[in-house]
Amino acid sequence: MTNEYKPVIVKHVVIGEGAPKVCVPLVGRTTEQLQEEARFLQTADLDVVEWRVDFFEHVHHIERVRAALLEIRAYLPSVPLIFTFRTKREGGETDIAIDEYVQLNQSVAASGQVDLIDVELLIGEEYVRAIVDKAHQHHVPVIISNHDFAATPPKEEIIARLRKAQALGGDLLKLAVMPQSPADVLALMEATYTMKEQYATRPLITMSMGGQGVISRLAGELFGSALTFGAAKRASAPGQIPVSELRNVLNLLHNQL
C-alpha cells in the first residue's frame with residue numbers, strides 16, 4: 001500500500017484501520033418512521049448510520065430533507081451519518097433530475113448535519129466534481145460509489161472504476177456488484193485486494209451482494225474493504241445480515257489476524 005494512504009476519521013470513528021466498521025441504513029418514508037428507526041438505532045451495535053434519503057417521501061423538498069436531518073440528529077447526535085440518494089439506475093427508490101441531485105447533495109453538505117455524503121460515480125465527471133468540491137469546502141468527506149445489481153464486471157473493470165472514483169476526489173471508494181457465481185465473488189475480492197495493495201490512497205468499501213456474496217461482507221478486513229453494511233430493522237440491499245450477527249463475525253475474524 002502506498003505511503004499516501006489516508007484513513008477517514010468521522011467523529012470518533014476511523015474508517016480504514018482495524019476491523020471493518022459497521023454501517024446500518026435508515027430507510028423510513030416519513031419523518032415519524034425515521035424518528036422510530038433512529039430511536040431504535042440508539043441501542044444497536046453500529047459505527048455509522050446511512051440515511052437513504054431516496055426512500056423519504058419529501059425528498060424533492062430540500063427544506064423538508066434538512067428538517068428531517070435535524071430530527072435524525074436529535075436521536076443520533078454522536079453517530080457518524082452518511083447522506084445518500086441512491087438513484088433508480090443503481091437500485092434506489094426514486095428518480096431525480098441531475099440538477100436536483102447536485103443541488104440536494106450540495107445543500108446537505110453545507111448544512112453541518114452530515115458527516116459524509118455518497119455520490120454516484122456514473123452521474124458524470126462534472127457533476128461529481130461539483131458535489132465533491134462543495135462537500136470539501138465544508139470539510140465533509142465524500143464516498144464515490146458505483147452499484148451493479150445485474151452482474152459483476154471483470155476484475156480489471158472493477159479496479160478501473162475504483163481508480164476513477166479516487167481520481168475524482170473520493171475520500172472513500174465504494175463498489176457493490178451482483179454475483180452470478182462464486183467466481184464472481186472471488187473476482188470482487190481479488191480486485192479489492194489488488195486495488196488496496198497497488199493503487200489505493202483512500203479506504204475501500206466493496207461488496208458482492210445477495211446470498212452468494214455474503215462472505216465479502218464478512219471478510220473485508222482480509223481483502224481490503226473498510227466498511228460493511230448490516231440491517232437493523234430493514235435492509236437497504238440484498239445480502240445485508242443482522243447487525244448483531246455481523247459484528248460477532250467481524251470480531252471473530254479480526255481477532256485471528
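If you're wondering where the values come from, they're calculated on a predicted model, not measured in any experiment.

Thresholds applied
- Residues numbered from 1 in each chain as written.
- Predicted model: local features only at pLDDT ≥ 70, side-chain atom pairs only at ≥ 80, totals over all residues.
- Heavy atoms only, no water.
- Helix = DSSP H or I, 4+ residues; strand = E, 2+ residues; numbered from the N terminus.
- Rg over C-alpha atoms; globule rule 2.2 N^0.38 Å.
- Buried < 20%, exposed > 50% of the residue type's maximum accessible area, 1.4 Å probe, protein only.
- Contact = heavy atoms within 4.5 Å.
- UniProt positions renumbered as here; feature names shortened; annotations may be inferred.
- Expected span 1.5 Å × (residues − 1).
- Core = buried A, V, L, I, M, F, W, Y, C linked by side-chain atoms within 4.5 Å.
- Pairing = 2+ DSSP bridges.
- Right-handed = clockwise from strand over helix to strand, strands pointing away.

### Topic: the overall build of the chain
1) Next: Secondary structure summary: the chain contains nine helices and 11 strands in total.
2) Next: In terms of C-alpha radius of gyration, the chain reaches 17 Å, essentially the compact-globule figure of 18 Å for 257 residues.
3) Next: Counting only C-alpha atoms and orienting by the principal axes, one finds that the chain spans roughly 45 × 40 × 35 Å.
4) Next: Burial status across the chain gives 57% buried among its 257 residues.
5) Next: Taking as baseline every contact in the chain between residues at least 6 positions apart, the subset at least 24 positions apart corresponds to 73%.

### Some points on the UniProt feature "binding site: 3-dehydroquinate" (unreviewed entry) in the chain
1) Next: Following the UniProt record, one finds the feature "binding site: 3-dehydroquinate" (unreviewed entry) at Glu50, Trp51, Arg52, Arg86, Arg217, Ser236 and Gln240.
2) Next: Summarising the element assignment, Glu50 is placed in strand β4 (residues 48-52).

### Comments concerning helix α6 (residues 182-198)
1) Next: For α6, built from 17 residues, the straight-helix expectation of 24 Å at 1.5 Å per residue is met to within 8% by its first-to-last C-alpha distance of 24 Å.
2) Next: Considered for burial, the residues of α6 that qualify are Asp184, Val185, Ala187, Leu188, Met189, Ala191, Thr192, Thr194, Met195 and Lys196.
3) Next: The elements touched by buried residues of α6 are α5 (155-167), β8 (172-177), β9 (204-208), α7 (214-218) and α8 (220-223).

### Re the environment of Val102
1) Next: Structurally, Val102 can be placed in helix α3 (residues 98-109).
2) Next: Note: C-alpha distance between Val102 and Val128 (26 residues apart in sequence) is 8.2 Å.
3) Next: Once residues within four sequence positions are removed from consideration, Val102 is found in contact with Tyr127 and Ile131.

### Digging into the nonpolar core
1) Next: With 60 residues, the main nonpolar core has Trp51, Val53, Phe83, Leu104 and Ile117 as its most contacted residues.
2) Next: Residues within four places of Ile117 in sequence aside, it is in contact with Phe83, Asn105, Ala109, Ile131, Ala135, Val140, Pro141, Val142 and Ile143.
3) Next: Of all hydrophobic cores here, the second largest spans 18 residues; its members include Val10, Cys23, Ile143 and Ala176.

### Quick word on the pairing of β8
Along any regular strand the residues' side chains alternate between the sheet's two faces.
1) Next: Among the six residues of β8, six are classified as buried, and the element is accordingly described as predominantly covered.
2) Next: The alternating pattern of β8 places Leu172, Lys174 and Ala176 on one face and Leu173, Leu175 and Val177 on the opposite face, and all of these are buried.
3) Next: By the bridge criterion, six bridges tie strand β7 (residues 142-148) to β8 in an arrangement that is parallel. By the bridge assignment, Ile143 is partnered in β8 with Leu172.
4) Next: A crossover links β7 with its parallel partner β8, the connecting element being α5, and its sense is right-handed.
5) Next: Pairing geometry for β8 and β9, over five bridges, is parallel. Bridge pairing links Leu173 to Leu204 in β9.

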